[in-house]
Amino acid sequence: MKHSRALAILAALLTLISACQSDKKSNLTLLSDAIPSDIPVVFGEGIISTDNFEFAITFSPEMDEIFFTRRKPEEDNKIYTMQLTDGKWSEPKEVSFTPDIGWDFEPHIVPKGDRLYFGSLRPLPDSTKSSGLHQWYLEKTNNGWGQPTPIMAPIKDRFAMYLTSSENESLYFTSNNKEANEGEGIYYAVNENGRYPTIKRMGDEINTIGEMIAHPYIAPDESYLIYDGKSKSGYGKSDLYISFNQNGSWSEAINLGPEVNTDQTEMCPSVSPDGKYLFFHRGGDEAGDIYWVDFTDVKKSLNSN
C-alpha cells in the first residue's frame, strides 16, 4: 500500500515537473509584452521593430543571441545583434563586421549554431570595389564570431539571396539559372562532404505559385519549407506559403491564410529553434516590422489538410 502510494506521488510530481517545463517561457518572450497565439503580433515593439524597416531575423540554438536586418530612412541595410546575459537582453547594435564599403542583410544562423550566413555587397577579398551581391559566412569560435568569408563556388559564382541551412547543411536560397533558361525562384544545394558541387531548382509545386518567389526558410529536418511569393489568389503584395516534405516529395504549396497574410507584404520567414514561433516581415515599401505567431498549431493544421 505504502509502495503504491509512493509511486502515485512520484508520478504526480513527474507530471507536475513536466508541465512546468513545457510552460517555461522562451527567452524571446522577454522582448514582447504581447505573446502571440494564432494571430500574429509585432515582435519586440520599440526594441527590434521600430519606425525603421526591419526584416530577416535569426536566433542561436539557445535563443540567447539574435541577428536581424534594419534599414533606416535614407540609409543602407545593416545587420544588428542582441545578446541575452543574466536574463536581460542587450540593446540592438550594429554587428562588429559591418563593412566600410557596401552593406549586409538577411542573416541566418545554421541549426548547429556554429555558422552565420548573410548576404553582402561588400568587396570580395583582394578587391576595393563591390562586385554585386554575394553570400558570406562567419564561423563561431570559443572567442565569438570569426571574420567574414565569401561562400565557396559554385554558389559564389551566381546570384544567391536569403540562404538558409538544414541540419545536414544542405542550403536553400533564392537564385536563377539563366544558362538553363530557369528563372528566379527557390534553389538548393546538397552538402557533399562540406562542398556543394551541384545546384538544383526546386520543382513546380514550389516555384509556380506566381511571381517574386523568394526567401526560403528550410526546417532543420527538411520536413517543410516556408517562403514568400505573389499570386493572383493571394491576399496581398506578397504572401507566405508552406510546402511539406512527404517521403522525399514536396507537397503543393499552401497559403498560410488570412490570419498570417494581409493586403501588405509578408516576406522573409524564419522559425525559432524550438519550432514554436514563426517570424516574418510585414509592411509596405518604406516601413515594416517583424511579426511573430505561434507556429505549432498552424503547422499542425496545415499539415493535416
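Residues numbered from 1 in each chain as written. Predicted model: local features only at pLDDT ≥ 70, side-chain atom pairs only at ≥ 80, totals over all residues. Heavy atoms only, no water.

(A) Up close: a negative patch on the surface. Side chains of Glu74, Glu75, Asp76, Asp285 and Glu286 sit close together on the surface and give a patch of like negative charge. Tracing the sequence through the fold places Asp76 in the loop between β3 (65-71) and β4 (77-85). Residue class for Asp76 comes out partly exposed when judged on its relative accessible area of 45%. (Patch = residues over 30% accessible without salt bridge, like charges linked within 9 Å, V, L, I, M, F, W, Y side chains within 5 Å. Areas by Shrake-Rupley, 256 points an atom, 1.4 Å probe, with all protein chains shown as cover. Salt bridge = Lys/Arg side-chain N within 4 Å of Asp/Glu carboxyl O. Lys, Arg positive; Asp, Glu negative; His and termini not counted. Charge placed at Lys NZ, Arg CZ, Asp CG, Glu CD. Helix = DSSP H or I, 4+ residues; strand = E, 2+ residues; numbered from the N terminus. Buried < 20%, exposed > 50% of the residue type's maximum accessible area, 1.4 Å probe, protein only.)

(B) View of the sheet that holds strand β13 (residues 171-177). Pairing in this open sheet of 4 strands is antiparallel, and the strands run β12-β13-β14-β15 from one edge to the other. A strand with exactly one partner marks an edge of an open sheet, and here the two such strands are β12 (160-165) and β15 (199-201). Within the sheet, the average angular offset between the axes of one strand and its neighbour, ignoring direction, is 35°. Looking at chain direction, β13 and strand β14 (residues 182-189) are connected through 6 bridges and run antiparallel. In the sheet register, Tyr172 faces β14, and the bridge partner there is Tyr188. (Pairing = 2+ DSSP bridges. Axes fitted to C-alpha atoms, helices over the stretch in contact; angles between N-to-C directions.)

(C) Spotlight on empty space enclosed by the protein. For the structure shown, the criterion picks out 1 cavity of 30 Å³ or more. The space that makes up the largest cavity amounts to roughly 40 Å³. Contributions of two or more residues to the lining of the largest cavity are made by β2 (53-59), β7 (104-109), β12 and β21 (265-271). In the lining of the largest cavity, the residues fall into 5 nonpolar, 4 polar and no charged. (1 Å grid on protein atoms, 1.4 Å probe; cavity = no way out; pocket = protein on both sides within 12 Å on 5 of 7 lines; lining within 4 Å. Points joined across faces, edges and corners; volume = space filled by probe spheres on them. Nonpolar A, V, L, I, M, F, W, Y, C, P; charged D, E, K, R; others polar.)

(D) A look at the confidence of the model for the protein chain. With 90% of its residues at a pLDDT of 70 or more, the protein chain has an overall mean of 90. Confidence drops under pLDDT 50 across residues 1-23; counting only partners more than four residues distant or on other chains, this segment forms 0 contacts. (pLDDT = per-residue confidence, 0-100. Contact = heavy atoms within 4.5 Å.)

(E) View of the environment of Ile254. Following the sequence through the fold, Ile254 ends up in strand β20 (residues 254-255). Considered as a pair, Ile254 and Ile209 are 45 residues apart in the sequence and their alpha carbons are 9.4 Å apart. Those residues in contact with Ile254 that lie beyond four places of it in its chain are Leu240, Tyr241, Ile242, Phe244 and Leu302.

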